[in-house]
Amino acid sequence: MIVADKKPIEEIIEEVKDHDKILILGCNECVTVCEAGGKKEVGVLASALRIYFLNQGKEMKIDERTLERQCDQEYLDEIRDVADDYDAILSLACGVGVQFTAEQYFSRPVYPGVNTCFLGATEERGLWTERCQACGQCVLASTGGICPISRCAKRILNGPCGGSSNGKCEISKELTCAWHLIVERLKSLDRLDDYEKLFPIKDWSTDRAGGPRKVVREDVQL
Amino acid sequence: MSEAKTPSKLEKILRAGHLGVTSECGPPRGTDPDAIKKKAELIKDHVDAINITDNQTSMTRLCSLASCIHLKLMGLEPILQMVTRDRNRIALQSDILGAASFDIHNMLCLTGDHQSFGDCKQGQNVHDLDSMQLIQTVRHMRDEGKFLGGDDIKRPPNMFVGAAANPFADPFEIRVPRLAKKIAAGVEFIQTQCIYNLEKFEEWMRLARERGLTEKVFILAGLTPMKSAGMAKYMKNRVPGMDVPDELVKRLAGVPKEKQAQEGIDICVESIQRLKEMEGVKGFHIMAIEWEEKVPEIVERTGLHPRPKN
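Residues numbered from 1 in each chain as written. Chains lettered and ligands numbered in written order. Predicted model: local features only at pLDDT ≥ 70, side-chain atom pairs only at ≥ 80, totals over all residues. Heavy atoms only, no water.

(A) Local environment of the interface of chain B and chain A. If you look at the interface, chain B gives 35 residues, while chain A gives 31 residues. Roughly 2,600 Å² of surface becomes buried between chain B and chain A when both sides are summed, with 51% attributable to carbon and sulfur atoms. Taken together, the links from chain B to chain A amount to two salt bridges. A salt bridge links Lys187(A) to Glu173(B), with the nearest nitrogen and oxygen atoms 2.9 Å apart. (Contact = heavy atoms within 4.5 Å. Buried area = accessible area lost by both parts, 1.4 Å probe. Salt bridge = Lys/Arg side-chain N within 4 Å of Asp/Glu carboxyl O.)

(B) Geometry of a nonpolar patch on the surface. Together, Ile171(A), Leu175(A) and Phe117(B) make up a nonpolar patch on the protein surface, roughly 220 Å² of accessible area in all. Inspection of the secondary structure puts Leu175(A) in strand S9 (residues 172-176). (Patch = residues over 30% accessible without salt bridge, like charges linked within 9 Å, V, L, I, M, F, W, Y side chains within 5 Å. Areas by Shrake-Rupley, 256 points an atom, 1.4 Å probe, with all protein chains shown as cover. Helix = DSSP H or I, 4+ residues; strand = E, 2+ residues; numbered from the N terminus.)

(C) Quick peek at unusual backbone geometry. A cis amide bond links Gly159(A) to the next residue, Pro160(A), at an omega of 0°. Structurally, Pro160(A) can be placed in the loop between helix H6 (148-151) and strand S8 (168-169). The residue after Asp170(B), namely Pro171(B), is reached through a cis peptide bond having omega -15°. Within the secondary structure, Pro171(B) sits in the loop between strand S5 (160-165) and helix H6 (175-185). Within the chain, Glu35(A) stands out as a residue other than glycine whose phi angle is a positive 55°. Positionally, Glu35(A) belongs in the loop between helix H2 (30-33) and helix H3 (39-55). Its identity as a non-glycine residue notwithstanding, Arg155(A) has a phi of 40°, on the positive side. Within the fold, Arg155(A) resides in the loop between H6 and S8.

(D) Focus on the sheet that holds strand S6 (residues 114-124) of chain A. All names here are of chain A. Pairing is antiparallel in the open sheet, where three strands are placed in the order S1-S6-S7. Bordering the open sheet on either side are strand S1 (2-6) and strand S7 (127-132), each of which pairs with just one other strand. Across the sheet, the mean angle separating the axes of adjacent strands is 75° when strand polarity is ignored. (Pairing = 2+ DSSP bridges. Axes fitted to C-alpha atoms, helices over the stretch in contact; angles between N-to-C directions.)

(E) Structural view of the domain arrangement of chain A. When cut into domains, chain A gives domain 1 (2-118) and domain 2 (133-207). Put simply, the middle of domain 1 of chain A and the middle of domain 2 of chain A, counted by C-alpha atoms, are 37 Å apart. (Domains from an automatic or database assignment.)

(F) Quick look at the packing of helix H8 (residues 229-238) of chain B against helix H9 (residues 246-253) of chain B. All names here are of chain B. Direction vectors running N to C along H8 and H9 enclose 160°, while the axes themselves pass 8 Å from each other. For the element pair H8 / H9, the angle class is roughly antiparallel. With respect to the hand of their crossing, H8 and H9 are arranged in left-handed fashion. For the pair formed by H8 and H9, the contact residues are Ala229, Ala232, Lys233 and Lys236 on the first element and Asp246, Leu248, Val249, Leu252 and Ala253 on the second. In terms of residue class, the contact of H8 with H9 is built from six nonpolar, no polar and three charged. (Parallel < 35°, antiparallel > 145°, perpendicular 65-115°, else oblique. Left-handed = near helix turned anticlockwise from the far one by under 90°. Nonpolar A, V, L, I, M, F, W, Y, C, P; charged D, E, K, R; others polar.)

(G) The packing of aromatic side chains, seen in detail. Counted by the stated rule, this structure contains five aromatic pairs over all chains. Where Tyr52(A) meets Phe53(A), the ring centres are 5.0 Å apart and the plane angle is 80°; that geometry is what we call edge-to-face. Ring centres of Phe201(B) and Trp204(B) lie 5.7 Å apart, and the angle between their planes is 35°; on these two criteria the pair is classed as tilted. Of this pair, Phe201(B) and Trp204(B) both sit in helix H7 (residues 198-210), three residues apart, roughly one helical turn. (Phe/Tyr/Trp six-rings, centres within 6.5 Å; stacked < 30°, edge-to-face > 60°.)

(H) The pairing of strand S2 (residues 49-52) of chain B, seen in detail. Residue and element names in this part refer to chain B. Residues Ala49 and Asn51 line one face of S2 and the alternating positions Ile50 and Ile52 line the opposite face, and both faces are buried. The pairing of strand S1 (residues 20-25) with S2 spans four bridges and is parallel. When the bridges of S2 are listed, serine 23 appears paired with isoleucine 50. In this region the chain leaves S1, passes through helix H2 (residues 34-43) and returns to the parallel neighbour S2; the handedness of that crossover is right-handed. Of the pairings in the sheet, the one linking S2 to strand S3 (residues 78-83) comprises three bridges and is parallel in character. (Buried < 20%, exposed > 50% of the residue type's maximum accessible area, 1.4 Å probe, protein only. Right-handed = clockwise from strand over helix to strand, strands pointing away.)

(I) Spatial organisation of the pattern of salt bridges. Within this structure, the stated rule accounts for 49 salt bridges over all chains. The residue Arg217(A) makes a salt bridge to Asp219(A) at a minimum N-O spacing of 2.8 Å. By relative accessible area, which is 43% here, Arg217(A) ends up partly exposed. The partner of Arg251(B) in a salt bridge is Glu270(B), with the nearest N and O atoms 2.9 Å apart.

(J) Region of the structure containing the sheet that holds S5(B). All names here are of chain B. Taken in spatial order, the eight strands close into a barrel running S1-S2-S3-S4-S5-S6-S7-S8, and their pairing is parallel. Taking each pair of neighbouring strands and ignoring which way they run, the sheet shows an average axis angle of 30°. Pairing between S5 and strand S6 (residues 189-194): four bridges, direction parallel. Paired with alanine 163 across the strands is isoleucine 190, a residue of S6. Against the sheet, helix H5 (residues 131-144) touches S3, strand S4 (106-110) and S5, its axis set at about 150° to S4. Sheet strands touched by H7: S5, S6, strand S7 (218-223) and strand S8 (281-286). Its angle to S7, the strand with the most contacts, is close to 170°.

(K) Summary view of H9(B). All names here are of chain B. Listed as buried for H9 are Leu248, Val249 and Leu252. The arc that holds every buried residue of H9, seen down its axis, measures 100°, which confines them to one face. Exposed side of H9, more than 90 degrees from the buried face: Glu247 and Lys250 are the residues found there. As for H9, its buried residues are in contact with H8 and helix H10 (260-276). (Arc of directions from axis to C-beta.)

(L) Local environment of the pairing of S6(B). Residues and elements named next belong to chain B. With six of its six residues buried, S6 lies for the most part within the structure. In this region the chain leaves S5, passes through H6 and returns to the parallel neighbour S6; the handedness of that crossover is right-handed. Where S6 meets S7, four bridges bridge the pair, whose relative direction is parallel. From the neighbouring strand, cysteine 194 faces S7, where its bridge partner is glycine 222. With H7 bridging S6 and the parallel S7, this β-α-β connection has right-handed handedness.

Right, here's the structure in full:
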C-alpha cells in the first residue's frame, strides 16, 4: 500500500486558515490502513481544527467526508453536488488522491493533510516499512525476493557495501542491511551461488528518471 | 601476472613482481592546492602512487579529479578515487575522460559513504551505478573503446582499475565470493580495508588463494596506524565495517599517553612485516589519516624503501 503520515496540525492550520468553509476529505484505502487519512483521522482532525478556530474567535464551517477512493473518478463524483458549498478541500488521501481531487475540482483549492511516504507494509500496529520504489522493472527474482532498490540506502544491485556491520546498515543500527537479508534468503533457498552473478547496469528509464510514467492496457480499455 | 596493459606506474611495478606501496591524501575543504601538495611532498619518495579520496565521509571537499591533476603536475602518480554516490553514468564517464586527458592512469571504484555522514545530509544520492558496475564501465571504456551508450571513444581512457575490499564486513561467508565478483567485473587491483585482525585477514586470504583469486588480482593490504588508544576505541566502536581486536586496544592503552602514537606506528610496522610473509599479498596501502609524515618511517622500517624505479 501507499504509506502516509499525518502532517503536523500547525502546517494544516497554515494551509486552511484564510478559508471559511472547508471539507476534510478522507480516503478509505491505503491511508485508512496506515491510520493517517481514513474516516477516523478525518474526525479527529476536524475536531482539533474546530477547537483551534473557535479559540481564535474565527467562525469556520468544517465538514467531514470519506470516499471509497480518491484515485478513482467514480468515487470523486460523489461530492460533485456538494463541492461548491466549500471554499477549500483538505484531502487526507495520498499525493495521488490530493492531485486527482484537485483535477476534478479545478476551481477549488485542494490542500494535502498528510505526507505521502512510500510503498510499504504493516510490520506491526503503528509500524510501516518500505518495500518498493516502483522502479518499473522488478528485480526480485534475482535477489531472493528482497528489494535492494527500496531497502538499501544506496540502492546497490551488487551489494553489500563496505559499511554493513553485524548485519546492520551504516546509516542506522536499527536498519537491517538489505544485502544481509538477501544473502540469508539465498542461503535458505540453497541458492547462494546466485550471489556471484553480476547484476548488470540497470535501465532506470522505467524509474522516476524516465519522466512521469503511464501504463496503457489496451486489453482492458473500454 | 602478464605484462602491463596500461601506462600506470603502479601496474608496471606490481607486474614486475615488486611489493607495491600506495598511500592516500584527503583534499582540503577549500581551494588551496598547497594543502594537497604539501601532503604529497611528505610521502612522494616512499610510495608508488597516491590515492586522492573523493569527498570521503560525504564531507564536501576539493574534488578528487582536480587534486589528482595537481599531483600529476608535480610528476607524481595519482589514483583517482571515484564514488558512485554523487554522479550518474554521464558524469562518471565524463570524469573518466577528463582524468585520462591528463594521463591519470589509475582509478579506484567505490560506492561511497552515505551522505548522512557528511555536511549535506539533506541531499540526494545518485547510485545510478554501483561500484562493480563502475568497474565494468571503466573496463568497457578502456578495452572496447566505447561509451556505455555504444559510441566509439576517440582516444579511450587507459586506466589501471582498482576497487576496495573489506575482509571484515558481514556476512563473512560472502567476503571471498564478493572479491570473485569484483574480479569478474574486471578489477585489477584491490586495496583492502584497514587490517587490525590479522587472523581474520589471513583466513580471507587463504580462502581467496584456494579459489585462485590471488593470481587474478593484486591485493594491497590496507593499514592505518593508530595515534592513540582513544582512536582505536573509536575505530572499534564507531567506524562501520572495522574489526579492531580488544588486544590491540589494550596494548595501546597499556603504554603512557605520550608514547601511544609510537606504539601505533610499531604495531603498523609489525603488521606489515607479518603481511609481507603472507602468500598473495602484493603490496601495501598505508592510510595515515592526517598523519602523512609518518608514512616514510613505516615504509623504511619495513624494508620497502627505496621504491623501485619503473
